[in-house]
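Architecture at a glance
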Amino acid sequence: MKPGTRRRETSAVHGAAKLDKKDGPVSTPIYQTSTFEVADNEEQQRVTATDRYYTRWGNPTNTVAEQTLAELEGTDAARTFASGMGAITSTIMALLKAGDHIVAQRDVYGGVAKFLADWLPKLGIETTFVDTTDYEQYEQAIRPNTRLLYLESPTNPSLGVVDFRRTSALAKKHGLISMIDSTLGTPINQRPAEYGIDIVMHSGTKYLSGHADLTCGVVCTRQELIEKINDTRTTLGNCMDPHAAWMLIRGLKTLAVRVARQNENALRVAQFLSDHKKIRRVRYPFLNRHPQYEIARLQMSGGSGMVTFEVEGTGEDACRVSEAMRLFTLATSLGGVESLVSIPVLTSHAMISEEMREKMGVNEQMVRLSVGIENADDLIADLEWALQAVGAKQTIPVG
Ligand SMILES: *Cc1c(COP(=O)(O)O)cnc(C)c1O
């Protein structure tokens, strides 16, 4: 088979795992070492700053994970980080300096909103927030010193969808670097780099690792940007441990099948919820009443495993529903094989003011589901049971 012709399902399994196959291990070896022996100082100079020098610079196991991810996203290269936030903060600090300006969606991950609004001003970098799908606002927010267009799609927890073609064209027109948090999308459902988005980033903690047992982050982009990002990662020490890299490689092998099942299950769950009388609103990119349904169908091959709904009731009703579930586990985070439920105003958006939350479209009645790979009928039965709690005088008995 010619290189570069593999489809995503194949890349996810085979990745870049050519590493030291002399002894024939099918699984990638873990280079659990912080440093590497050299024969002489000439070799020492040759390996400096490569993945056979010192693990803060790189490590062969991490390289396999990185090359696999670059292939999945269709970019020149990728780098792994200690967490998704580590990937975002290191990348932004690598590319911007004091006096620069960012245009960012208002509706971004809570930790990112905090970094942009509270932390970067300390370094002299300002951000203007815009409404996710109001592209006029994006254009108006751009200043002569704007350097970065920061995007997220689908958004968390509102599941808004950003038009990749339009935003990447806007960035090119104004000479900006475009960066997207594609965590909820996964490279199975969407590949923003194909639309000209410069940097694709993931919290690998979620779908990429897929088993709720790992914290990591990934950035995929072109070579010239990777070099700057690499230098900052090494300086800030935001690197990923080789054992974690091995777990990420293992997770990636099943990414395509997990995501395909999660897409199917989530669509079934969303359809069930949209007909339910105790529910006011369901958000899912592949439901045809979703406001960006057309764009979602165009640039995504599946609607993702996330479903957000609002109960016809109060914030207390939403909490009661989440606590009455027996199959969906009450926990923050997403993207694992097991289904989770959480209340955004108490978890991902707990640190954000009510006024800001309203602008982001996040309210107390919202329940966010991360749909796993279980049987969809069982998941729907659990929801049917738990929704009895809406408007109930007391908590329904568990069991
Ligand atoms: C979880 C998450 C992050 C942060 O990733 P960590 O691995 O927790 O640091 C960033 N963006 C999105 C969309 C996330 O869901």
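Residues numbered from 1 in each chain as written. Predicted model: local features only at pLDDT ≥ 70, side-chain atom pairs only at ≥ 80, totals over all residues. Heavy atoms only, no water.

Notes on the domain arrangement of the chain
- Considered domain by domain, the chain is made up of domain 1 (8–252) and domain 2 (256–389).
- Using only C-alpha atoms to locate each centre, domain 1 and domain 2 end up separated by 26 Å.
- With 34 residues of domain 1 at the contact, the number on the domain 2 side is 40 residues.
- The junction of domain 1 with domain 2 conceals about 3,000 Å² of combined surface from both sides, 59% of it contributed by carbon and sulfur atoms.
- If you look at where domain 1 meets domain 2, you find zero salt bridges.
- Scanning the region where domain 1 abuts domain 2 turns up 16 residue pairs in polar contact (both at pLDDT 80 or more). (Domains from an automatic or database assignment. Contact = heavy atoms within 4.5 Å. Buried area = accessible area lost by both parts, 1.4 Å probe. Salt bridge = Lys/Arg side-chain N within 4 Å of Asp/Glu carboxyl O. Polar contact = N/O pair within 3.5 Å; in protein donor to acceptor, adjacent residues only side chain to side chain.)

Concerning the site of the ligand
- Of all residues adjacent to the ligand, which total 13 residues, the nearest are M85, D181, S203, T205 and K206.
- Between the ligand and G84 there is a distance of 2.8 Å, counted from an oxygen atom to a backbone nitrogen or oxygen.
- Between the ligand and K206 there is a distance of 2.7 Å, counted from an oxygen atom to a side-chain nitrogen or oxygen.
- Compared with its free state, where it exposes 380 Å², the ligand has 91% of that area covered by protein.
- In the shell around the ligand, the residues fall into five nonpolar, five polar and three charged. (Near = heavy atom within 4 Å. Areas by Shrake-Rupley, 256 points an atom, 1.4 Å probe, with all protein chains shown as cover. Nonpolar A, V, L, I, M, F, W, Y, C, P; charged D, E, K, R; others polar.)

Notes on the packing of helix α4 (residues 84–95) against helix α9 (residues 223–236)
- The geometry of α4 relative to α9 is characterised by a closest axis approach of 8 Å and an angle of 115° between their N-to-C directions. For α4 against α9, the interelement crossing comes out right-handed. Between α4 and α9, the contacting residues are S90, T91, M93, A94 and L95 on the first element and L225, K228, I229, T232 and L236 on the second.
- Looking at the contact of α4 with α9 residue by residue, the class counts come to six nonpolar, three polar and one charged. (Axes fitted to C-alpha atoms, helices over the stretch in contact; angles between N-to-C directions. Helix = DSSP H or I, 4+ residues; strand = E, 2+ residues; numbered from the N terminus. Left-handed = near helix turned anticlockwise from the far one by under 90°.)

Details of the packing of helix α3 (residues 60–73) against helix α10 (residues 242–253)
- For the pair α3 and α10, interaxial distance at closest approach is 8 Å and the crossing angle is 35°. In this structure, the crossing between α3 and α10 has a hand that is left-handed. On α10, the residues touching T61, N62, V64, A65, T68, L69 and L72 of α3 are P242, A245, W246, L248, I249 and L252.
- Looking at the contact of α3 with α10, its residues break down into ten nonpolar, three polar and no charged.

Structural notes on the packing of aromatic side chains
- Summed over all chains, the structure comprises five aromatic pairs.
- With centroids separated by 5.8 Å and ring planes inclined at 25°, the aromatic side chains of F115 and W119 adopt a geometry described as stacked. Placement of both F115 and W119 in helix α5 (residues 110–119) is noted, with a separation of four residues, approximately one turn of the helix.
- The exposure class assigned to F115 is buried, which follows from its relative accessible area of 6%. (Phe/Tyr/Trp six-rings, centres within 6.5 Å; stacked < 30°, edge-to-face > 60°. Buried < 20%, exposed > 50% of the residue type's maximum accessible area, 1.4 Å probe, protein only.)

Overview of the sheet that holds strand β7 (residues 217–221)
- Strand order in the open sheet formed by seven strands is β1-β7-β6-β5-β4-β2-β3, with mixed pairing between adjacent strands. The open sheet has two edge strands, β1 (77–81) and β3 (126–130), and neither has a second partner. Looking at each pair of strands side by side, their axes are set apart by 20° on average, direction ignored.
- Taken together, the three bridges between strand β5 (residues 177–181) and strand β6 (residues 199–203) define a ladder with parallel strand orientation. From the neighbouring strand, M179 faces β6, where its bridge partner is I199. (Pairing = 2+ DSSP bridges.)

Considering the nonpolar core
- Judged by nonpolar contacts, the single largest core of 47 residues is most densely connected at L69, Y138, L149, L248 and L255.
- Mapped by element, the contributors of at least two residues to this core are α3, α6 (135–141), β4 (146–152), α7 (164–173), β7, α10 and α11 (255–274).
- The leading source of residues in this core is α10, at seven residues.
- Per-domain counts for this core show at least three residues from each of domain 1 (8–252) and domain 2 (256–389). (Core = buried A, V, L, I, M, F, W, Y, C linked by side-chain atoms within 4.5 Å.)

Focus on the sheet that holds strand β9 (residues 306–311)
- The strand order β8-β9-β12-β11-β10 describes an open sheet built from five strands, whose pairing is mixed. Two strands in the sheet have a free side with no partner beyond their single neighbour: β8 (279–283) and β10 (329–330).
- Strand direction decides the pairing type here: β8 and β9, joined by four bridges, are antiparallel. Residue pairing across strands places V282 opposite F309, the latter belonging to β9.
- Each of β8, β9 and β12 (366–370) is contacted by α11, which is oriented at about 15° to β9, the strand it contacts most.

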